[in-house]
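# Chain and residue survey
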Amino acid sequence: MASASSAAALSGRGARNLLQFLRLVGQLKRVPRTGWVYRNVQKPESVSDHMYRMAVMAMVTKDEHLNKDRCVRLALVHDMAECIVGDIAPADNIPKEEKQRREEEAMKQLTQLLPEDLRKELYELWEEYETQSSAEARYVKQLDHCEMILQASEYEDLENKPGRLQDFYASTAGKFSHPEIVQLVSELEEERNATIAAATTSKPSS
(Lines give C-alpha, C1' and ligand atoms only; values in the text may rest on other atoms or scores of the structure.)
Protein backbone atom coordinates (compact mmCIF):
# COMPACT_ATOMS: atom_id res chain seq x y z
CA MET A 1 0.00 0.00 0.00
CA ALA A 2 1.33 3.46 -0.90
CA SER A 3 2.25 5.71 1.99
CA ALA A 4 0.40 8.97 2.55
CA SER A 5 3.46 10.95 1.48
CA SER A 6 3.94 9.03 -1.78
CA ALA A 7 0.24 9.33 -2.56
CA ALA A 8 0.44 13.06 -1.96
CA ALA A 9 3.48 13.29 -4.22
CA LEU A 10 1.40 11.93 -7.10
CA SER A 11 -1.57 14.17 -6.51
CA GLY A 12 -2.37 17.36 -8.38
CA ARG A 13 0.50 18.89 -10.29
CA GLY A 14 2.84 15.96 -9.65
CA ALA A 15 0.47 13.51 -11.32
CA ARG A 16 -0.15 15.87 -14.24
CA ASN A 17 3.58 16.30 -14.80
CA LEU A 18 4.20 12.56 -14.60
CA LEU A 19 1.43 11.94 -17.12
CA GLN A 20 2.97 14.51 -19.46
CA PHE A 21 6.38 12.86 -19.04
CA LEU A 22 4.93 9.42 -19.85
CA ARG A 23 3.14 10.79 -22.91
CA LEU A 24 6.36 12.37 -24.18
CA VAL A 25 8.35 9.19 -23.61
CA GLY A 26 5.52 7.28 -25.31
CA GLN A 27 6.32 9.22 -28.49
CA LEU A 28 9.39 6.99 -28.80
CA LYS A 29 7.00 4.23 -29.91
CA ARG A 30 6.26 6.37 -32.96
CA VAL A 31 9.74 7.70 -33.77
CA PRO A 32 11.21 5.45 -36.47
CA ARG A 33 14.93 4.77 -36.49
CA THR A 34 16.17 7.16 -39.17
CA GLY A 35 18.90 4.92 -40.57
CA TRP A 36 16.36 2.32 -41.64
CA VAL A 37 14.06 4.97 -43.10
CA TYR A 38 16.88 6.32 -45.28
CA ARG A 39 17.59 2.78 -46.52
CA ASN A 40 13.93 2.24 -47.44
CA VAL A 41 13.36 -0.55 -44.93
CA GLN A 42 9.67 -1.43 -44.81
CA LYS A 43 8.02 -0.93 -41.40
CA PRO A 44 11.22 0.21 -39.65
CA GLU A 45 11.58 -0.26 -35.92
CA SER A 46 10.93 2.57 -33.49
CA VAL A 47 13.45 4.06 -31.08
CA SER A 48 11.67 2.34 -28.19
CA ASP A 49 11.95 -1.02 -30.01
CA HIS A 50 15.70 -0.49 -30.17
CA MET A 51 16.03 0.57 -26.53
CA TYR A 52 13.90 -2.33 -25.31
CA ARG A 53 16.12 -4.99 -26.85
CA MET A 54 19.22 -3.15 -25.65
CA ALA A 55 17.80 -3.27 -22.10
CA VAL A 56 17.17 -7.02 -22.44
CA MET A 57 20.72 -7.50 -23.76
CA ALA A 58 22.05 -5.63 -20.72
CA MET A 59 19.88 -7.72 -18.41
CA VAL A 60 21.32 -11.03 -19.66
CA THR A 61 25.00 -10.08 -19.44
CA LYS A 62 27.15 -12.41 -17.36
CA ASP A 63 29.84 -9.84 -16.61
CA GLU A 64 30.04 -9.72 -12.81
CA HIS A 65 32.22 -6.60 -12.95
CA LEU A 66 29.36 -4.52 -14.35
CA ASN A 67 26.41 -3.13 -12.43
CA LYS A 68 23.72 -4.88 -14.44
CA ASP A 69 20.88 -2.75 -13.07
CA ARG A 70 22.72 0.41 -14.08
CA CYS A 71 23.33 -0.99 -17.57
CA VAL A 72 19.60 -1.62 -18.01
CA ARG A 73 18.82 1.91 -16.83
CA LEU A 74 21.40 3.41 -19.19
CA ALA A 75 19.91 1.45 -22.10
CA LEU A 76 16.43 2.76 -21.29
CA VAL A 77 17.55 6.38 -20.98
CA HIS A 78 20.28 6.78 -23.62
CA ASP A 79 17.96 7.75 -26.52
CA MET A 80 15.15 9.24 -24.44
CA ALA A 81 15.73 12.78 -25.79
CA GLU A 82 14.67 11.57 -29.22
CA CYS A 83 11.02 11.73 -28.18
CA ILE A 84 11.43 15.50 -28.59
CA VAL A 85 14.26 16.01 -31.11
CA GLY A 86 13.75 12.89 -33.22
CA ASP A 87 16.41 10.38 -34.28
CA ILE A 88 19.17 12.55 -35.74
CA ALA A 89 21.33 10.44 -38.04
CA PRO A 90 24.76 11.23 -39.55
CA ALA A 91 23.07 11.59 -42.96
CA ASP A 92 21.13 14.57 -41.58
CA ASN A 93 24.40 16.55 -41.65
CA ILE A 94 23.72 18.19 -38.30
CA PRO A 95 26.98 19.04 -36.49
CA LYS A 96 27.73 16.86 -33.48
CA GLU A 97 27.75 19.90 -31.17
CA GLU A 98 24.30 20.97 -32.37
CA LYS A 99 22.92 17.45 -31.94
CA GLN A 100 24.34 17.38 -28.42
CA ARG A 101 22.82 20.79 -27.62
CA ARG A 102 19.36 19.77 -28.84
CA GLU A 103 19.39 16.51 -26.91
CA GLU A 104 20.66 18.18 -23.75
CA GLU A 105 17.83 20.73 -23.90
CA ALA A 106 15.34 17.94 -24.53
CA MET A 107 16.53 15.98 -21.50
CA LYS A 108 16.27 19.07 -19.32
CA GLN A 109 12.74 19.65 -20.60
CA LEU A 110 11.78 16.03 -19.97
CA THR A 111 13.30 15.67 -16.53
CA GLN A 112 11.80 18.95 -15.30
CA LEU A 113 8.50 17.07 -15.22
CA LEU A 114 9.82 14.65 -12.58
CA PRO A 115 10.42 14.98 -8.83
CA GLU A 116 13.89 16.26 -8.00
CA ASP A 117 15.44 12.87 -7.15
CA LEU A 118 14.21 11.23 -10.36
CA ARG A 119 15.08 14.33 -12.38
CA LYS A 120 18.67 14.12 -11.16
CA GLU A 121 18.91 10.34 -11.69
CA LEU A 122 17.62 10.31 -15.28
CA TYR A 123 19.62 13.32 -16.39
CA GLU A 124 22.82 11.97 -14.85
CA LEU A 125 22.27 8.58 -16.49
CA TRP A 126 21.88 10.28 -19.87
CA GLU A 127 24.98 12.42 -19.22
CA GLU A 128 26.98 9.36 -18.12
CA TYR A 129 26.18 7.64 -21.41
CA GLU A 130 26.94 10.74 -23.48
CA THR A 131 30.32 11.27 -21.82
CA GLN A 132 31.09 7.52 -21.66
CA SER A 133 32.32 8.12 -18.14
CA SER A 134 31.84 4.61 -16.72
CA ALA A 135 32.46 0.99 -17.65
CA GLU A 136 28.69 0.51 -17.76
CA ALA A 137 28.23 3.39 -20.23
CA ARG A 138 30.97 2.05 -22.48
CA TYR A 139 29.42 -1.43 -22.39
CA VAL A 140 25.97 -0.07 -23.27
CA LYS A 141 27.48 1.92 -26.15
CA GLN A 142 28.76 -1.36 -27.56
CA LEU A 143 25.31 -2.88 -27.03
CA ASP A 144 23.92 0.01 -29.07
CA HIS A 145 26.12 -0.92 -32.04
CA CYS A 146 25.54 -4.65 -31.57
CA GLU A 147 21.77 -4.29 -31.48
CA MET A 148 21.91 -2.21 -34.65
CA ILE A 149 23.77 -4.83 -36.70
CA LEU A 150 21.57 -7.60 -35.30
CA GLN A 151 18.57 -5.62 -36.53
CA ALA A 152 20.28 -5.06 -39.88
CA SER A 153 20.76 -8.81 -40.34
CA GLU A 154 17.10 -9.39 -39.47
CA TYR A 155 15.98 -6.88 -42.10
CA GLU A 156 18.23 -8.54 -44.66
CA ASP A 157 16.61 -11.89 -43.81
CA LEU A 158 13.08 -10.46 -43.94
CA GLU A 159 13.75 -8.86 -47.32
CA ASN A 160 15.66 -11.90 -48.55
CA LYS A 161 18.46 -9.57 -49.62
CA PRO A 162 21.67 -10.86 -47.97
CA GLY A 163 24.32 -8.18 -47.57
CA ARG A 164 22.08 -5.23 -48.50
CA LEU A 165 22.77 -3.35 -45.28
CA GLN A 166 26.53 -3.90 -45.22
CA ASP A 167 27.23 -0.22 -44.53
CA PHE A 168 25.74 -0.60 -41.04
CA TYR A 169 28.21 -3.40 -40.34
CA ALA A 170 31.10 -1.39 -41.77
CA SER A 171 30.24 1.52 -39.47
CA THR A 172 30.86 -0.65 -36.39
CA ALA A 173 34.29 -1.95 -37.42
CA GLY A 174 36.71 -1.85 -34.49
CA LYS A 175 34.06 -0.70 -32.01
CA PHE A 176 33.64 -3.94 -30.08
CA SER A 177 35.95 -4.92 -27.24
CA HIS A 178 33.79 -6.43 -24.48
CA PRO A 179 34.34 -10.23 -24.63
CA GLU A 180 30.64 -11.14 -24.47
CA ILE A 181 29.73 -8.71 -27.24
CA VAL A 182 32.72 -9.70 -29.37
CA GLN A 183 31.58 -13.32 -29.16
CA LEU A 184 27.99 -12.39 -30.02
CA VAL A 185 29.08 -10.26 -32.99
CA SER A 186 31.40 -13.02 -34.20
CA GLU A 187 28.55 -15.54 -34.18
CA LEU A 188 26.23 -13.08 -35.92
CA GLU A 189 28.79 -12.34 -38.65
CA GLU A 190 29.52 -16.04 -39.16
CA GLU A 191 25.81 -16.77 -39.70
CA ARG A 192 25.39 -13.73 -41.94
CA ASN A 193 28.45 -14.51 -44.06
CA ALA A 194 27.19 -18.07 -44.57
CA THR A 195 23.83 -16.70 -45.73
CA ILE A 196 25.52 -14.29 -48.15
CA ALA A 197 27.79 -17.04 -49.49
CA ALA A 198 24.84 -19.40 -49.99
CA ALA A 199 22.90 -16.70 -51.84
CA THR A 200 25.89 -15.96 -54.09
CA THR A 201 26.48 -19.59 -55.05
CA SER A 202 22.79 -20.20 -55.73
CA LYS A 203 22.52 -17.39 -58.29
CA PRO A 204 22.19 -18.69 -61.85
CA SER A 205 25.18 -17.94 -64.07
CA SER A 206 24.53 -15.36 -66.77
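Above this text is the structure in question.
Rules behind the numbers
Residues numbered from 1 in each chain as written. Predicted model: local features only at pLDDT ≥ 70, side-chain atom pairs only at ≥ 80, totals over all residues. Heavy atoms only, no water. Disulfide = S-S within 2.5 Å. Buried < 20%, exposed > 50% of the residue type's maximum accessible area, 1.4 Å probe, protein only. Helix = DSSP H or I, 4+ residues; strand = E, 2+ residues; numbered from the N terminus. Polar contact = N/O pair within 3.5 Å; in protein donor to acceptor, adjacent residues only side chain to side chain. Core = buried A, V, L, I, M, F, W, Y, C linked by side-chain atoms within 4.5 Å. Contact = heavy atoms within 4.5 Å. 1 Å grid on protein atoms, 1.4 Å probe; cavity = no way out; pocket = protein on both sides within 12 Å on 5 of 7 lines; lining within 4 Å. Points joined across faces, edges and corners; volume = space filled by probe spheres on them. Axes fitted to C-alpha atoms, helices over the stretch in contact; angles between N-to-C directions. Parallel < 35°, antiparallel > 145°, perpendicular 65-115°, else oblique. Nonpolar A, V, L, I, M, F, W, Y, C, P; charged D, E, K, R; others polar. Left-handed = near helix turned anticlockwise from the far one by under 90°. Phe/Tyr/Trp six-rings, centres within 6.5 Å; stacked < 30°, edge-to-face > 60°.

### Observations regarding the state of the cysteines
A full pass over the atoms with the stated rule returns zero disulfides. Looking at Cys71, it has no disulfide partner, and the nearest cysteine sulfur is the one in Cys146, 14 Å off. Residue Cys71 is classed as buried on the basis of its relative accessible area of 0%.

### Observations concerning the side chain of Ser134
With respect to the element layout, Ser134 can be found in the loop between α8 (116-131) and α9 (135-159). A polar side-chain atom of Ser134 sits 2.5 Å from a polar atom in the side chain of Glu128. In terms of polar contacts, Ser134 uses its side chain to reach the backbone amide nitrogen of Ala137, at 3.0 Å.

### Considering the nonpolar core
Within the largest apolar cluster, 47 residues are counted, with the highest numbers of intra-cluster contacts made by Trp36, Met107 and Val140. Only α2 (13-26), α4 (47-59), α5 (68-77), α7 (96-111), α8, α9, α10 (166-170) and α11 (179-202) provide two or more residues apiece to this core. Of all the elements, α9 adds the most residues to this core, at nine residues. For Met107, the contacting residues outside a window of four places in its chain are Val77, Met80, Ala81, Leu122, Tyr123 and Trp126.

### Comments concerning unusual backbone geometry
A positive phi angle, near 55°, is found at Gln132, a position not held by glycine. Its place among the elements puts Gln132 in the loop between α8 and α9. Using a relative accessible area of 24% as the deciding quantity, one classes Gln132 as partly exposed. One non-glycine residue, Asn160, lies in the positive phi region at around 55°. Tracing the backbone through its elements, the reader meets Asn160 in the loop between α9 and α10.

### Some remarks on the layout of surface pockets
The space that makes up the largest pocket amounts to roughly 1,100 Å³. Taken together, 32 residues form the lining of the largest pocket, with Ile88, Pro90, Lys99, Lys141 and Asp144 sitting closest to its centre. Sorting the residues of the lining of the largest pocket by element identifies α3 (34-38), α7, α8, α9 and α10 as the ones contributing at least two each.

### Some words on the packing of α5 against α8
Look at α5 against α8: their axes get within 9 Å of each other, and the N-to-C directions meet at 90°. Viewed along their axes, α5 and α8 adopt a mutual orientation that is roughly perpendicular. Residues Arg70, Arg73, Leu74 and Val77 of α5 form the contact with α8, whose participating residues are Glu121, Leu122, Leu125, Trp126, Glu128 and Tyr129. Taken together, the residues of the contact of α5 with α8 sort by class into six nonpolar, no polar and four charged.

### Describing the packing of α5 against α9
Remark: α5 packs on α9, axes separated minimally by 9 Å, with the N-to-C direction vectors making an angle of 55°. Our classification of the angle between α5 and α9 gives oblique. Between α5 and α9 lies a crossing whose hand is right-handed. Between α5 and α9, the residues in contact are Arg70, Cys71, Leu74 and Ala75 and Glu136, Ala137, Tyr139 and Val140, respectively. A breakdown of the residues in the contact of α5 with α9 according to their chemical character gives six nonpolar, no polar and two charged.

### Considering the packing of aromatic side chains
Taken as a whole and assessed by the stated rule, the structure comprises three aromatic pairs. Ring centres of Trp36 and Tyr155 lie 5.1 Å apart, and the angle between their planes is 75°; this geometry places the pair in the edge-to-face category. With a gap of 119 residues between them, Trp36 in helix α3 and Tyr155 in helix α9 connect regions that are remote in the sequence. Measuring from centroid to centroid gives 4.4 Å for Trp36 and Phe168, while their planes differ by 35°, and the two rings are tilted.

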